[in-house]
Each structure stands twice: as C-alpha cells, then as structure tokens.
Amino acid sequence: MSLVEMPKADGAIISRKAEIVAALQAAIGTDGVIHDPEETLAYECDALTAYRCPPLAVCLPRTTQEVSAILRICSDMGLPVIPRGAGTSLAGGALPTADSIVIGVARLNQVLEADYGNRFVRVQAGITNLAVSGNVAGEGFFYAPDPSSQLACAISGNIAMNSGGAHCLKYGVTTNNLLGVTMVMMDGEVIEIGGTHLDPAGLDLLGVICGSEGQFGMVTEAVLKILPKPEGARPILLGFNANEVAGTCVADIIKSGVLPVAMEFMDKPAIIACENFAHAGYPTDVEALLIVEVEGSEAEIAEQLEKIKAIAARHDPEVMRESNSAVQSDLIWKGRKAAFGAMGQMADYLCMDGTIPTSRLPEVLKRMQEMSVDYGLRVANVFHAGDGNLHPLILFDANKPGDLEKCEAFGADILKLCVEVGGCLTGEHGVGVEKRDLMVHQYNEADLEIQMRVKDVFDPKWLLNPAKVFPMEASHSRRHGNRQEAA
Amino acid sequence: MASLLKPDSEASLAETVREHFARRKPVRIVGGGTRPVGNPVDVTETLSTGRLSGITLYEPGALTLVAEAGTTLETITDALAEEGQHLPFEPADYCALLGTKGKSTIGGVVAAGVSGPRRVQAGAARDSLIGVRFVSGEGEIIKNGGRVMKNVTGYDLVKLMCGSYGTLGVLTEVSFKLLPRPQATGTVLITGLDDHAAVTVLSRALGSPFDVTGAAHLQKDADGNPVTMIRCEGLPESVKYRTGRLKDLLAPLLPSAAGLSVENVAESNAAIWKQVRDVETFAGRDGAVWRLSVKPSDGPDVVSDISGKLDCEALYDWGGGLVWLLVDAADDEAATVIRAAVDARGGHATLFRCNANGESGTDAFHPEHPRIAAISQNLRRQFDPAGILNPGLMGQSAVQA
Ligand SMILES: Cc1cc2nc3c(=O)[nH]c(=O)nc-3n(C[C@H](O)[C@H](O)[C@H](O)COP(=O)(O)OP(=O)(O)OC[C@H]3O[C@@H](n4cnc5c(N)ncnc54)[C@H](O)[C@@H]3O)c2cc1C
C-alpha cells in the first residue's frame, strides 16, 4: 500500500453533482465547466503521477469575477476546491478528490501592464513563468525565478509553492520577486495585497500567502518584479574526483567574496545519465561536476572567472572548462536542464527536494549512497549547491509490485536525514500530499498548530485544498468539523 | 508601578509570557529600546529580550548566521566583517533620527523590518531572514523556517513575523542568509536635479544592467542643494567599469547646469550611504518625520501634492519608492493631507516620529482595506488570543479582558 492517503470523498456531495454543475454553469457559462468523466480525467493528477483521482468538475474561469462567483457557490454548498495552475507540481499540490471542484487558471494568461521605469509587470496568474520573461525580453528585462519547469508552470503555481530555480543564489525565489497579488477569498471577496510599492502597510500578508499551497485563496493576478538583463553570463564546468572536494570548492568560492548567479552540482550517476541523454560533452570519468555561472560585462566575467579558477585549482580539478561561446554555454546548461528527462528515459523516478546546510553535503551524499545499497534502488543527485537544495532522483520500476512503496520509503528516509543534519523537507517543490505526513519530523505540535491557525483565518471552513500540507491526523478535526458545519 | 522583566533564556521568557497570558496582563516588548515607532503602548510592564544574547551559529562557507534576538546589531556586524560578509539588507540605525540612545538588537531590527538603501538590489530584512523562533501570546515556543536558505516546508511565518513589531510573538532567535561584503564601492553623484528629473535618472540607472545597489535623492544636502546618488558595489575593476558606464548613460539625460561626478573614496562612500540609510539629514531637526512607500515614479507627485499644502522636505530612497518626509506640523490635518496624497496613487504612509524628541503619535500606521485589516486582526488573535503583546502598537484593538 502506498504511503499517501486522501480523505474519503463525501458521497452526499457526489450525489448532488447535477445540481452543482448546473449552478456553476449558470455562473460562468457551459463552456467554462468540465464535468464529463472522460474530460475531467485530464485533471486527475499533477506531476506526482503516482496519485490520481478525477474531480467532480473542473471550472476554467476567464476573469477574477468568475472566480469569485465560483468560490461563492462552492462556499455556500460546502464543496472542497482545488486550485490548479499548469499541474506540474511534484508534491501532489493540485491532486483532486472525487468530491472536489478544480479551478484552473489556464484561461487567465494575459500580461496586463508592463512598467519598465518602475520595473514591474502585472499579469494574470495563469501565464507561464517563461512567458513573463518572454514578454519583457524585448526591453532588456527578465523575471528572475527560473524553475526547470518554466516552459509549462504557471505563475499562480509558482506563488503557491514559492518556487525557486537555478539562479536563486543571487536573485532569490518567488517570494523575493513578488510585489502583489489579487486573491479571491473562499467567500468570494476579492482582495489586493501589496502592489507596486515595496513594503507592506501592516503585517506582511503577501509573505505568508506566497508558499501557502493554494490553501488561502485563489490568486488571479500578480505584480512581479522584473530585472534588467545582465550584459552577459558565462558558465564554467569543474570536474572533481570526489564529492567532498567539490563541496569544499563550493564553500571556498562562496567565502572568497565572488557571488556566482548559479552553482549546480551533479554526482556521477547524474552526470552519466545526462551525458548519455543530452550529449553535453560532460566528462564521465569524474565523481562530481559543478556548473558555476557568473554575470556581467566581458571584463567582469573574466575577473570573476579568474578568481573561481584560482580557487578551483587549489582542489586539483580533473576538468576545468570555461565556455568560450554562447553555443558552449547552452550546451553546458543543456545537460543539467535535461536531468529529469534523462532520468525519465531510464526508469520511473521520484524527485526529492530536501535542503541541507551546505557544510553537511559530503556526509549526506555518502549516507544516501549507503541507503541506496540498502534499498536496492539507484539514486542520482542534481542540486543547487550554493543553497544546499538537493534533488535526489530515486529510480524505480512502476510495474514492479512494491517498488513505488520502497521508493517512497527511501525518499522519506532521505528527507528525514535532511532534517536531522539541520535542513528541511522541501526547498522548492512544496509539501502537498507527498510530504504532508513527514511534517512531524520538522515541526512539533505547537509549530503546526500555529500554522493551521493561519489557515483558519483565511479559510475558516477548510475548503481550499484541505488535505494538503498538514498531517492528516493533525488537520482531521478542522476538516471534519468544518465540513459538518458547512453541510 | 512600572517594571522591567529581563528573562535570561527562551524558556524563562516563555514562562513569563505564560504567566501574563493567564492573568491577561499586557506587556510592552523591547530589544535595545531604540525604536519607539508605532502607536504608544500604554502598559506598565516591559519585557526585554536584552539578555537573550549571542551568536548561536555562524558558517561563513554556507552564508548563514543564527543569533539570539537580544544580540546587538553591532556584535553581529563585527563578527561578519571579520569574515568579509554582511547582512545584505543594510539595516539602519535610527537612534539619531528618533533621539534615542542605546544599541539596536537584531530582534528589534527584524520586528521593525528595517531595510536600508540596498533593498533595491538585495531585498529587505524579510528577504534575508530565513528562520525564527518566537514565543506566542500564549507562551508557546514556536519555530518556523530554519537555517537553510531554501525552505518551503509549511507556511512562511518568517515573513509574517518580520515587521510585525512584536504583536504576533516575542522573537527569541533569528537566522539570516548572508552575502559577501563588497570589496569596493563607487557612487555616481549628480547635483542640481529637481525631484522628477532625479527619479527619472534613478529609474534609468536601476533599469540598466549595471547592478545598482543604491539609488537616492536628497532635496537639500548640507549646503541646501539637491543631490542624486547612484551606488555600485563589488569587485574593484567592476565597480569602476559600471560607474563609468552609468555616467555615460545618464549624461545625456541631464540639464546643462547639473553636475556629474563619481566618488571612489571608500570613506566618502560609507558616509554618503550612511546618511541616506539613517536619514541623518532630518536628525535633530524640528518637525514630524513620515515614511512613505509608493510606486517610485509616484514619489515626486506625492511630494509635490503635499508640499502644496504643508511645509516639508524630502529624502528619496529606493529609486523614489521610499520617501522620507520632514513636515512642520504633526497634527491630524497634516496626517490627512499626507495620507490623501498617498491614497490618490496607492501605497501607504507611516508616522515615524512626531517631533525631534522621537515621540510617537497615534494612528502611526496607514489605515488598511477593511478585509485586510480584519485578516490581520484575526491573525493577531490566533497568535496572541488575549492581546497582551504590544497592545495597540499597530492600531490593533487592545486587550480583551
Ligand atoms: C520537470 C519538472 C521540473 C521542475 N523544476 C522545478 C524547479 O526547478 N523549481 C521549483 O521550484 N519547482 C520545480 N518543479 C515543480 C513545479 O513546476 C512547481 O511547483 C510549479 O510552481 C508548479 O506550478 P503549476 O502552475 O504547475 O502549479 P500546479 O501544479 O497546478 O499547482 C501547484 C500548487 O499551486 C496551487 N495553485 C495553483 N494555482 C493557484 C491559484 N491560482 N491560486 C492558489 N493556488 C494555486 C495548487 O493548488 C497546488 O497546490 C518542477 C516540476 C517538473 C515537472
């Protein structure tokens, strides 16, 4: 049996399907509501595909007002709501239950305002991450957070998960680049938090909304910070014969005062898989590979790379290859960015996402290899070395009975190890359903209680994405009591 | 009888709060006592975090620092300087501006969410803060975030605690993401610009690829002349290159009477940006000080609206998005004029001090949209059900006995 359980769907709700669908259609038109079981199937899961359940119905609103109308109906009828962006969550954040209404933002995908003098864009929340940068590139700007899924994932999903990317060592993650949101509360009221100024007037509500995993309200618009593109950027590839050495090199670079925009680390299994898949020219005889990227003018890039090379040289690198052209730079990144695809070709995989203090890196990688032997499952590591965010990819065979369960248990052990050495369960993918029941390893009862109280404030009936983030047991009375009250 | 409670550990602080919760007895919370910002808190007991002091963990190679809330900012700044690092958000020291004495504590910096000029590039205090421990109004010890810089495990209460002025909990420990201290600084100085021209120039600089880390405009420098300041930091050659490129970029935008130069001397740069950071120009002068947060290009319009009705002087930071205003009058009428000018465009205005003695006034914070005010009020009730922590400071209703 798998580790993740979802609450039992409410039969009373399911039996009222016709009435519910009619109410939703009356509010936003028939073409905005999907209810045919064959079509709702497309919304049965996100990128955590091991878990699937089609929702009762799916709404695809075109305006904030339509979102408000839908939520008012769901609130009145006591229906659980699952907000959905592009469905690329790796944590099951957008996983429905059979009695739930999915509200997708796919049709809310416009840029509403681009203000280069004040350096922000106002967008509808369903726009993809890459499209934001695409829209402002002509003026020499970009949107900094760059999750690997940026071609597909929506800004609303990024906000809900507080997503990160390879370049967050310098530019931060979503929360550091978000200025404001328009959010519809569960009772249908539309509020604006933050805006085009920098500081909150009172409590930093925007700060706690970002990363709330769709549990506080439906975000329909966002004001995002945009940054001028640097004059240039160039990566260097560094290969070492031991993970420890690569780890020390990362710390030394950081201590030296150079601030690379990205430092990506790949261990041997990852290097080989990526190279076989993407033919990026990676050396396959090294144990660890670092991609270090710096930015600036030609002279600035040279100044920084000289320093980095001098530091790396002290650690006897097997390979030290500086990019000499845009083509070479692309190739260096191509291998790293293909990591998930490469793994996907070899086997089914689960992508973990813990963070550790960077000083504990060698020890953690070593213990992970030992676990890999114990569990009899292979693991490859690609991660953001500057910030300690690990992405162990555990390979398994979905067709082999028991393999998924074994894989999940291995994953849970890795995350517990992350917490044990002073890190955390998730660095950028979010808790969702995947890590929900592991939360007790990082937070005690009081820590969790105060967080649930914050949800009580935003969504007193616990209808928004209710069975996520908190251990089922911990949130039981809130979900249960409130469902009864609403019925 | 006024009394000062100074617990020497997190556990005893929690015990103290638990007792106060049981008796529904409110407390004022202080760190170094250097920031009497916000509405006056009318209670007899003061709870100080001053004895929760010390750096718990500092790993330069991981760019991380953890410290107890009562540790002085100076202790932290010194420890970081030894390793060539710093707190990226450039925390200010408002003692002179507020006419207070004493030393800022790191907990106070976080509780007040104080960020300096570098906010435009490196983010605010809330962006560097990666973990907190605090004691809730019920006396529960709570942790959120941690010591790693990427962490989305559960809700981000770290941001919520930053800038909550002790109204959600008493901070006992804070963790930060650090950055290398820049080896060199250069400032492009432009004289003779009016506010609108200055903010246009600042926007242009901030929209360039030259990684500007400070963008400010002072209506009157020591000699009474306007000066516009644009800072670059980093490796020495790079700073020289970028300030040079900025000079070339901005020169065509300037009227012929404007002066344009680059300051490269380290001490002069430190003095220029400390003056902006700490709002030194208004320190010791009569009048109320307001802090306005607006869309940068709105800054000059807001100020010109206000100066049509009130005698005032402005310092613009954050490219125009942060306006410090020295205003002659501190009455309700002045507040109405200032808030109306801000409301016409969006943003908010905080009464930072009433007069040169640093006294705080009532209704210091900008009124919020009713639903947002209700959410904030409900959050406070969840964290501090009896309303005993800094009651009224942020305009929240006082103790419910
Ligand atoms: C190949 C691959 C690579 C990835 N790489 C990265 C990476 O580098 N960094 C990273 O951080 N993540 C990464 N992810 C994870 C994922 O892409 C992010 O979590 C992303 O932000 C999810 O966006 P989405 O639009 O797909 O959201 P969904 O999966 O649809 O939803 C995610 C969460 O957001 C909530 N939500 C969606 N829309 C709204 C709304 N309008 N209002 C309120 N809540 C809403 C949902 O309820 C859910 O909880 C990767 C995923 C894949 C498949």
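Just above sits the structure.
Residues numbered from 1 in each chain as written. Chains lettered and ligands numbered in written order. Predicted model: local features only at pLDDT ≥ 70, side-chain atom pairs only at ≥ 80, totals over all residues. Heavy atoms only, no water.

Some points on empty space enclosed by the protein
In step 1: The tally for this structure, following the rule as stated, stands at five cavities of 30 Å³ or more.
In step 2: Approximately 290 Å³ is the volume found for the second largest cavity.
In step 3: Asn162 of chain A together with Ile130, Met149, Asn151 and Lys159 of chain B are the residues nearest the centre of the second largest cavity, which is lined by 25 residues in total.
In step 4: Secondary-structure elements contributing two or more residues to the lining of the second largest cavity are strand 7 (129-135), strand 8 (141-145) and helix 7 (157-161) of chain B. (1 Å grid on protein atoms, 1.4 Å probe; cavity = no way out; pocket = protein on both sides within 12 Å on 5 of 7 lines; lining within 4 Å. Points joined across faces, edges and corners; volume = space filled by probe spheres on them. Helix = DSSP H or I, 4+ residues; strand = E, 2+ residues; numbered from the N terminus.)

Structural notes on the site of the ligand
Residues and elements named next belong to chain A.
In step 1: Neighbouring residues of the ligand: 33 residues in total, closest Pro83, Gly85, Thr88, Ser149 and Ser163.
In step 2: Between asparagine 158 and the ligand, the recorded distance is 2.8 Å, taken from a side-chain N or O atom to an oxygen atom.
In step 3: The dominant element in the shell around the ligand, judged by the number of residues it contributes, is helix 6 (residues 155-161), at five residues.
In step 4: In terms of residue class, the shell around the ligand is made up of 14 nonpolar, 16 polar and three charged.
In step 5: Summarising the domain contributions, the shell around the ligand has at least three residues from each of domain 1 (11-104) and domain 2 (111-228). (Near = heavy atom within 4 Å. Polar contact = N/O pair within 3.5 Å; in protein donor to acceptor, adjacent residues only side chain to side chain. Nonpolar A, V, L, I, M, F, W, Y, C, P; charged D, E, K, R; others polar. Domains from an automatic or database assignment.)

Comments concerning the side chain of glutamate 263 of chain B
All names here are of chain B.
In step 1: With respect to the element layout, glutamate 263 can be found in strand 14 (residues 259-263).
In step 2: Buried within the structure, glutamate 263 lacks any salt-bridge partner; lysine 247 is the closest side chain of opposite charge, at an N-O distance of 12 Å.
In step 3: Separated by 3.0 Å, the side chain of glutamate 263 and the backbone nitrogen of valine 265 make a polar contact.
In step 4: Contacts of glutamate 263, omitting those with residues within four sequence positions, involve Thr185, Gly186, Thr187, Leu189, Ser268, Asn269 and Ile272. (Buried < 20%, exposed > 50% of the residue type's maximum accessible area, 1.4 Å probe, protein only. Lys, Arg positive; Asp, Glu negative; His and termini not counted. Salt bridge = Lys/Arg side-chain N within 4 Å of Asp/Glu carboxyl O. Contact = heavy atoms within 4.5 Å.)

Things to note about the interface of chain A and chain B
In step 1: Facing 92 residues of chain A, the contacting portion of chain B comprises 74 residues.
In step 2: A buried area of about 6700 Å², summed over both sides, lies between chain A and chain B, and 57% of it is on carbon and sulfur atoms.
In step 3: At the junction of chain A and chain B, the tally comes to 12 salt bridges.
In step 4: Between aspartate 387 of chain A and lysine 150 of chain B there is a salt bridge whose closest N-O contact spans 4.0 Å. (Buried area = accessible area lost by both parts, 1.4 Å probe.)

A word on the pattern of salt bridges
Residues and elements named next belong to chain A.
In step 1: Going through the model one piece at a time under the given rule, you end up with 50 salt bridges over all chains.
In step 2: Its salt-bridge partner being glutamate 19, residue arginine 16 comes within 3.4 Å of it at the nearest N-O pair.
In step 3: When its relative accessible area of 29% is taken as the criterion, arginine 16 is described as partly exposed.
In step 4: When the shortest N-O distance is used, the salt bridge between arginine 478 and glutamate 449 registers 3.2 Å. Separated by 29 residues along the polypeptide, arginine 478 in helix 18 (residues 472-486) and glutamate 449 in helix 17 (residues 445-458) bring together distant segments of the chain.
In step 5: Through salt bridges with shared partners, a single network forms among Arg234, Glu298, Glu306, Lys309 and Glu322.

Side note on the environment of glycine 195 of chain A
Residue and element names in this part refer to chain A.
In step 1: Within the fold, glycine 195 resides in the loop between strand 9 (190-194) and helix 8 (205-209).
In step 2: Residue classification places glycine 195 among the buried residues on the basis of a relative accessible area of 11%.
In step 3: In sequence terms glycine 195 and arginine 122 are 73 residues apart; their C-alpha atoms lie 9.1 Å from each other.

Details of helix 10 (residues 266-277) of chain B
All names here are of chain B.
In step 1: Taking 1.5 Å as the rise per residue, helix 10 with 12 residues should run 16 Å; its terminal C-alpha atoms sit 16 Å apart, in good agreement.
In step 2: Among the structural elements, strand 11 (184-191), strand 12 (212-218), strand 13 (227-234), strand 14 and strand 16 (312-317) are those in contact with the buried residues of helix 10.
In step 3: After helix 10 finishes, the residue valine 279 shows a positive phi value of roughly 50°. (Expected span 1.5 Å × (residues − 1).)

Brief notes about the pairing of strand 5 (residues 111-115) of chain A
All names here are of chain A.
In step 1: With four bridges joining them, strand 5 and strand 6 (residues 120-124) adopt antiparallel strand pairing. Paired with aspartate 115 across the two strands is phenylalanine 120, which belongs to strand 6.
In step 2: Where strand 5 folds back on strand 6, the antiparallel hairpin that results is connected by four residues, among which arginine 119 adopts a positive phi of roughly 60°. (Pairing = 2+ DSSP bridges.)

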